[in-house]
Amino acid sequence: MTPGTEPDTATDTYVVDIDVRLRDIDFMGHVNNATYATYLEQAREAYFQDVFDTSLADIDTVLAHLEIDYKQPIEADAAVSIALSVGELGTASLPLTYEIYADESLAATATTVQVFIDPGTGDSRPIPEAWRSQLD
């Protein structure tokens with residue numbers, strides 16, 4: 001699949017290109033480690049837009065877990081892409097796995113878990129059935 005191309009199903013691997021900005025670079029000339037989390041967020045937003053035709057800002061989820069394993073630095077001029085896949089769904093949780101590539105070399109792997117919540121109580125709530133059927 002090419003970057004930015006909508007997957008055939010919500011469970012196919014989704015790939016998106018990420019622009020490295022000047023502010024992403026640390027004093028060593030690499031993308032700052034904290035910026036990787038922002039890149040993951042950009043990938044999630046693109047996935048939700050392309051697959052569910054909605055923004056993360058318009059749904060009631062919270063990020064409950066974030067884990068990043070760094071493999072190699074991302075240089076300032078690298079072409080960055082992220083491959084995102086959906087893991088095994090929980091009742092209210094949507095686990096996602098990521099591979100971050102810099103110039104087609106694996107730079108990091110990551111996992112996140114989004115949890116659907118009731119905005120009135122803050123308690124978790126089940127993933128909407130319409131989405132679950134796309135994700136299973």
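Please read these numbers as outputs of a predicted model, since none were measured by experiment.

*Asks:* In this structure, what is going on with a negative patch on the surface? I would like to understand it.
*Replies:* A contiguous patch of negative charge, built from Glu 75, Asp 77, Asp 103 and Glu 104, is present on the exposed surface. Topologically, Glu 104 is positioned in the loop between β4 (93–102) and β5 (105–116). By relative accessible area, which is 77% here, Glu 104 ends up exposed.

*Asks:* Explain the sheet that holds β4 here, please?
*Replies:* In sheet architecture, strand pairing relies on hydrogen bonds along the backbone and comes in two forms, parallel and antiparallel. Ordered in space as β1-β3-β4-β5-β2, the five strands form an open sheet in which the pairing is antiparallel. The open sheet terminates on both sides in strands that have one partner only, identified here as β1 (14–18) and β2 (61–70). The average angle at which neighbouring strand axes cross in this sheet is 20°, direction not considered. Bridging between β4 and β5 involves ten bridges; their strand directions are antiparallel. The partner of Glu 99 across the bridge, within β5, is Thr 109.

*Asks:* When you look at the environment of Glu 75 in this model, what are you seeing that I'm missing?
*Replies:* Inspection of the secondary structure puts Glu 75 in the loop between β2 and β3 (80–86). For Glu 75, a relative accessible area of 37% gives the class partly exposed. Residues Glu 75 and Asp 26, spaced 49 residues apart in sequence, show a C-alpha to C-alpha distance of 10.0 Å. Apart from residues lying up to four places away in sequence, Glu 75 is in contact with Gly 29 and His 30.

*Asks:* Teacher, can you tell me more about unusual backbone geometry here?
*Replies:* Trans peptide bonds make up most of the peptide bonds, and negative phi angles are found at most residues other than glycine. The phi angle at Asp 53 is positive, at roughly 55°, despite the residue not being glycine. Tracing the sequence through the fold places Asp 53 in the loop between α1 (35–52) and β2. Classification of Asp 53 as exposed rests on a relative accessible area of 68%. The phi dihedral of Asp 103 falls on the positive side, at around 50°, and the residue is not glycine.

*Asks:* How should the confidence of the model for the chain be read in this particular structure?
*Replies:* Interpretation of the predicted coordinates at a detailed level should be avoided for regions scoring low in pLDDT. Confidence in the prediction of the chain, expressed as mean pLDDT, is 91, and 92% of residues score 70 or more. No element of the chain has a lower mean pLDDT than helix α2 (residues 129–135), which averages 86, and none a higher one than β5, which averages 98.

Calculation criteria
Residues numbered from 1 in each chain as written. Predicted model: local features only at pLDDT ≥ 70, side-chain atom pairs only at ≥ 80, totals over all residues. Heavy atoms only, no water. Patch = residues over 30% accessible without salt bridge, like charges linked within 9 Å, V, L, I, M, F, W, Y side chains within 5 Å. Areas by Shrake-Rupley, 256 points an atom, 1.4 Å probe, with all protein chains shown as cover. Salt bridge = Lys/Arg side-chain N within 4 Å of Asp/Glu carboxyl O. Lys, Arg positive; Asp, Glu negative; His and termini not counted. Charge placed at Lys NZ, Arg CZ, Asp CG, Glu CD. Helix = DSSP H or I, 4+ residues; strand = E, 2+ residues; numbered from the N terminus. Buried < 20%, exposed > 50% of the residue type's maximum accessible area, 1.4 Å probe, protein only. Pairing = 2+ DSSP bridges. Axes fitted to C-alpha atoms, helices over the stretch in contact; angles between N-to-C directions. Contact = heavy atoms within 4.5 Å. pLDDT = per-residue confidence, 0-100.

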